[in-house]
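Observations on the model geometry
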Amino acid sequence: MRYGAPVELKPFLQSEATRLGFLSARVAATAPSMSMGHYDDFLAAGWAGEMDWLATGRDARAQIETLLPGARSVLVMAFDYTRALPPDPGGLTGRVASYAWGRDYHNFVLRRVRKLQAALRTHWPGVGSYSSVDSRPVFERAWAARAGVGFVGRNACQILPGESSRFFLATLALTAELEPDVPIEDHCGRCRRCVDACPTGAIRPNGGLVATRCISYLTIEADAPCPEALRPLLGRWVFGCDDCQDVCPHQRERDDEGELPTNVWLDLPQLLRQSDEDHVARFLGSPLRRAAGRRLRRNAAYVLGNLGDRAALPNLEAATREGGVVGDAAEWAIAQIGAR
Ligand code: B12
Ligand code: SF4
Ligand code: SF4
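Residues numbered from 1 in each chain as written. Chains lettered and ligands numbered in written order. Predicted model: local features only at pLDDT ≥ 70, side-chain atom pairs only at ≥ 80, totals over all residues. Heavy atoms only, no water.

1. Examining helix α14 (residues 324-339)
With 16 residues, α14 should reach 22 Å at 1.5 Å per residue; the first-to-last C-alpha distance of 23 Å fits that figure. What α14 keeps buried is the set V325, V326, G327, A329, A330, W332, A333 and I337. (Helix = DSSP H or I, 4+ residues; strand = E, 2+ residues; numbered from the N terminus. Expected span 1.5 Å × (residues − 1). Buried < 20%, exposed > 50% of the residue type's maximum accessible area, 1.4 Å probe, protein only.)

2. Considering helix α12 (residues 293-307)
Between the first and last C-alpha of α12 there are 21 Å, a value that for 15 residues agrees with the 21 Å anticipated at 1.5 Å per step. In terms of burial, α12 is largely enclosed, as 13 of its 15 residues are buried. Of the residues flanking the end of α12, it is G308, one or two places downstream, whose phi is positive at about 70 degrees.

3. Re the domain arrangement of the protein chain
When cut into domains, the protein chain gives domain 1 (9-84 + 104-174) and domain 2 (210-339). One C-alpha centre belongs to domain 1, the other to domain 2; they are set 29 Å apart. Of the residues lining the interface, 26 residues belong to domain 1; the matching set on domain 2 comes to 26 residues. For the domain 1 face of the interface with domain 2, the top three residues by lost area are E50, R83 and R166, together amounting to 29%. Residues D246 and R166 are paired through a salt bridge, measuring 2.4 Å at the closest nitrogen-oxygen approach. Summed over the shared surface of domain 1 and domain 2, the result is 12 residue pairs in polar contact (both at pLDDT 80 or more). Along the lines of polarity and charge, the residues of the side of domain 1 that touches domain 2 split into 13 nonpolar, seven polar and six charged. (Domains from an automatic or database assignment. Contact = heavy atoms within 4.5 Å. Buried area = accessible area lost by both parts, 1.4 Å probe. Salt bridge = Lys/Arg side-chain N within 4 Å of Asp/Glu carboxyl O. Polar contact = N/O pair within 3.5 Å; in protein donor to acceptor, adjacent residues only side chain to side chain. Nonpolar A, V, L, I, M, F, W, Y, C, P; charged D, E, K, R; others polar.)

What follows is the structure in structure tokens.
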């Protein structure tokens, strides 16, 4: 058999993936091995910042066979999360990036991949598999690019031309050799909208993201205080950022039907007063739980400083007593408000 697996396996997996709600499911071959040039340059430039797990997981990303011995193919799936932005309530609120609204995608996307794995085990018990949704050392965007799920946008996102980049990636490495799909060509052309729109200048005009300048890194991943020069540029982002996707022409109209998503606009004084325990209880089952309580309190203080409203002063003054990164952020915010 040409591809070393029953020819029906690929269409079976693709139709199951569609039935499970995935927008796209395409195949990449594991050979030749993954080119790690961009990744190594990224690490060498120090753009991983505090995300040391990007360095420790580097070799597994280069050789998926270390995660699944005998891996021959990777099925790469896209799960759409496009939703319309609910109206801005104004006042002392901060905005959350759309990928983190509502329930935690790590759970509901992975659950679907596990169902696909169960179907695979039932019908093809001899085929080994290894799944990943964001939290394992798999080079997901590179597999997606190789499978042609989307093209690599200048903003570093995988983008389905004319459709969206608002989708999660899920991968299923397989020991079966499936017919690979082909990559899709660049669709950025001479567009530079994301480069111009990025508040912190994190997107390099010729590609590559300085992650340590990205608001998503600064608000979610970094424990350290945000460099002072970047704090005003956070604007109202309290968790993640969508600016480089919002301006991209490859976004279709967002569906605003159905229930309004939760955790879109957060009340900042409430966030600032929230203890670590309250944080864990409130954001159970939400991606917001990933940022420790103190990171969200710190971010809330930065955004309050940017809003410049004196009504925030009592909460900020109380937050200075916490000291550390939160106290520092609260003092900075008070000075910002005073300067106005
Ligand atoms: C670390 C990480 C981050 C970091 C660093 C992001 C980055 N660009 O490296 C931070 C915290 C900043 C981040 C932010 C976001 N992330 Co993130 N993140 C990851 C994670 C865990 C690893 C990414 C990684 O390996 N980075 C290292 C660099 C080298 O890799 P890369 O960007 O993936 O590289 C590709 C391209 O950028 C390109 N490239 C890299 N360098 C260069 C240089 C040149 C010159 C050229 C031409 C190309 C090029 O080649 C690579 C292969 O295609 C993945 C999940 C995973 N396990 O892979 C999710 C993942 C990439 N993130 C995701 C999401 C949703 C986001 C945010 C949109 C969240 C938000 N709204 O705040 C932002 C988007 C920011 C952006 N513009 O990229 C999705 C992306 C889905 C998609 N459609 O692309 C992923 C795949 C998670 C998932 N399973 O869905 N993220
Ligand atoms: S997510 Fe925001 S800060 Fe990060 S690259 Fe995109 S626009 Fe810039
Ligand atoms: S905004 Fe323009 S340059 Fe940036 S990713 Fe979209 S198409 Fe490419």
